[in-house]
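Geometric and topological summary
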Amino acid sequence: MIQIVTGDITKLCVDAIVNAANHSLLGGGGVDGAIHRAAGPELLTECRTLHGCDTGDAKVTAGYRLPAKYVIHTVGPVWGGGSCGEEDKLACCYRRCLEEAEKKGCQSVAFPAISTGVYGYPKDKAAAVAVSAVKKYFRNEPHSCIEKVMLVCFDERTRDLYEELL
Ligand code: AR6
């Protein structure tokens, strides 16, 4: 089941929240900064042990002071006009995060709109990739333990886009 949620992802009581991080996994602005602030400094300490993350891949840490048990850190593509494999890389982020959530036995996972802030991915195109990648995952994994995927919107426009698509 896919649910659209508006608000701050750091407040959600779910098994895992996804972080739109960068290659270093050592923090940044946007949702990454908000997650690190809310989780506390132990999150950065664990992130240092992961030695970064490639674009399209995902790595898991504990959630520390967050209500969520886990943070799944992924690195979205930087928008470069659309002809640099951005769509495949963004779809890969969603798939890899769901695979990692599955390995941890998560029933609920919340995603921010990966790449649509600092990384400049057009919000409409990113919303379409998010919805299709999540649906594809469940088509391929009919026995998944994940019961609920939340697509978290931080602005009205993203909410409208998800609503049109679902
Ligand atoms: N809850 C939910 N969504 C949020 C929140 C929040 N608390 N804060 C921001 N958003 P961005 P990116 C939305 O820029 O484009 C960082 O510095 C925001 O409105 O956080 O993947 C990293 O370290 C937008 O729709 O991530 C990287 O360097 C979406 O989250 C870089 O930014 C993603 O925006 C990653 O850029």
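One can find the structure itself at the top, above this paragraph.
Structural notes, computed from the coordinates. (Residues numbered from 1 in each chain as written. Predicted model: local features only at pLDDT ≥ 70, side-chain atom pairs only at ≥ 80, totals over all residues. Heavy atoms only, no water.)

**Structural notes on helix α5 (residues 156-165)**
Note: α-helices contain 3.6 residues per turn, so residues at a spacing of three or four share the same orientation. For α5, every residue scored as buried is listed here: Thr158, Leu161 and Tyr162. The buried residues of α5 occupy one face: seen down the axis, they fall within an arc of 95 degrees. Of the exposed residues in α5, those oriented more than 90 degrees away from the buried face are Glu156 and Glu164. Residues of α5 that are buried make contact with β1 (2-6), α3 (86-103), α4 (123-140) and β6 (148-153). (Buried < 20%, exposed > 50% of the residue type's maximum accessible area, 1.4 Å probe, protein only. Helix = DSSP H or I, 4+ residues; strand = E, 2+ residues; numbered from the N terminus. Arc of directions from axis to C-beta. Contact = heavy atoms within 4.5 Å.)

**Some thoughts on the nonpolar core**
Core analysis: the biggest nonpolar cluster contains 33 residues, and Ile72, Tyr94, Phe111 and Tyr162 have the highest contact counts within it. At the level of elements, β2 (16-21), β3 (58-62), β4 (70-75), α3, β5 (108-111), α4, β6 and α5 are the ones that each hand at least two residues to this core. The residues touching tyrosine 162, leaving out its near neighbours within four places in the chain, are Ile4, Tyr94, Ala113, Ala127, Ala130, Val131, Leu151 and Cys153. (Core = buried A, V, L, I, M, F, W, Y, C linked by side-chain atoms within 4.5 Å.)

**What about the pattern of salt bridges?**
Oppositely charged side chains can form a pair if their charged atoms are brought close together. For the structure on display, the rule yields nine salt bridges. Glutamate 99 is the salt-bridge partner of arginine 95, the closest N and O atoms lying 2.8 Å from each other. Of this pair, arginine 95 and glutamate 99 both sit in helix α3, separated by four residues, roughly a single helical turn. We classify arginine 95 as partly exposed; its relative accessible area is 37%. Here glutamate 99 falls in the partly exposed class, since its relative accessible area comes to 26%. (Salt bridge = Lys/Arg side-chain N within 4 Å of Asp/Glu carboxyl O.)

**Some remarks on the pairing of β6**
For a regular strand, side chains alternate in direction, first toward one face of the sheet and then toward the other. Most of β6 sits out of view: five of its six residues are buried. With five bridges connecting them, β1 and β6 associate as parallel partners. By the bridge assignment, valine 5 is partnered in β6 with valine 152. Relative to β6, β5 runs parallel, the two sharing four bridges. Note on β6: the bridge partner recorded for alanine 110 is methionine 150. For the handedness criterion, the β-α-β arrangement of β5, α4 and β6 is classed as right-handed. (Pairing = 2+ DSSP bridges. Right-handed = clockwise from strand over helix to strand, strands pointing away.)

**Considering unusual backbone geometry**
With a phi close to 55 degrees, histidine 51 is a non-glycine residue in the positive phi region. Relative to the elements of secondary structure, histidine 51 occurs in the loop between α2 (41-48) and β3.

**A few points about the sheet that holds β3**
Taking strand neighbours across the sheet as the criterion, the six strands line up as β1-β6-β5-β2-β4-β3 in an open arrangement whose pairing is mixed. The sheet is open, and its two edges are formed by β1 and β3, each paired on a single side. Each strand axis lies, on average, 25 degrees off the axis of its neighbour in the sheet, ignoring direction. Contacts between helix α1 (residues 30-39) and the sheet are confined to β2 and β4, with β2 contributing the most and set at about 130 degrees to the helix. Here α5 sits on the sheet in contact with β1 and β6, set at roughly 160 degrees to β1. (Axes fitted to C-alpha atoms, helices over the stretch in contact; angles between N-to-C directions.)

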